[in-house]
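# An overview of the molecular structure
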Amino acid sequence: QIDRLNSGLNLATKYGDVDIKNFSDDFESFNLKTNDTDVTLHFTDDKYYKLNIITDKETEVYYSAEIENITSEKLEGEEKLIQVTCQTGSDKSKTVPLEINSRGGNLSLKLK
C-alpha cells in the first residue's frame, strides 16, 4: 500500500497487490507494468487523470460509476491485447498521466 505518491512512479511487479491511495499535486509520471497483480488506484476530483491502459484478456478492469469517458479497443497482434483509455477529474491544470501495462490480475479504478 502506498498512501501518497509525491513525484513519480516507475514500477514492474509480478504477483501481489498494489494499492495507491493518493497522488500529490506535484505528481508528474506514472508507469506501471504488472503480471498477475491486483492493482487499486484511488482518484480525487481535484486533479485530472489521463489513463492509458494496455491489458490482456486475463485482466479484469473495474471502475467507479463516476468515472466516465472510458473507451476500449482491441489491438492487432498475436497477444490479443486491449487498450483502455479514460479521463477523470475536474481540474485540468493538474493533469496526472498514468501509463499501465497489465497482464493478468485485477485493475480497480476508484473515484473518492
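Structure: above.
This is a predicted model, so every value here is computed, not measured.

Read from one edge of the open sheet, six strands run 1-3-9-5-8-7, paired in mixed fashion. The open sheet has two free edges, formed respectively by strand 1 (8-14) and strand 7 (71-74), since each of these has just one partner strand. Averaged over neighbouring strand pairs, the angle between their axes works out to 10° when direction is ignored.

Aromatic rings in a pair are described by how distant their centres are and how their planes are angled relative to each other. Under the definition given, this model contains six aromatic pairs. Ring geometry for Phe23 and Phe30: centres 5.9 Å apart, planes at 65°, overall edge-to-face. The two residues Phe23 and Phe30 agree in class, both being buried. For the ring pair Phe43 and Tyr49, a centre distance of 4.5 Å and an interplane angle of 50° mean the geometry is tilted. The two residues Phe43 and Tyr49 agree in class, both being buried. An aromatic cluster of at least three residues, connected via ring pairs, comprises Phe23, Phe27, Phe30, Phe43 and Tyr49.

Okay, the side chain of Thr59 next. Structurally, Thr59 is set in the loop between strand 5 (48-55) and strand 6 (60-63). Residue class for Thr59 comes out buried when judged on its relative accessible area of 9%. At 2.8 Å, the side chain of Thr59 and the side chain of Asp56 are in polar contact. At 3.3 Å, the side chain of Thr59 and the backbone oxygen of Ser102 are in polar contact. What Thr59 contacts, discounting residues up to four positions off in sequence, is Ser102, Arg103, Gly104 and Gly105.

What counts and how
Residues numbered from 1 in each chain as written. Predicted model: local features only at pLDDT ≥ 70, side-chain atom pairs only at ≥ 80, totals over all residues. Heavy atoms only, no water. Pairing = 2+ DSSP bridges. Helix = DSSP H or I, 4+ residues; strand = E, 2+ residues; numbered from the N terminus. Axes fitted to C-alpha atoms, helices over the stretch in contact; angles between N-to-C directions. Phe/Tyr/Trp six-rings, centres within 6.5 Å; stacked < 30°, edge-to-face > 60°. Buried < 20%, exposed > 50% of the residue type's maximum accessible area, 1.4 Å probe, protein only. Polar contact = N/O pair within 3.5 Å; in protein donor to acceptor, adjacent residues only side chain to side chain. Contact = heavy atoms within 4.5 Å.

Structural measurements only, silent on function.
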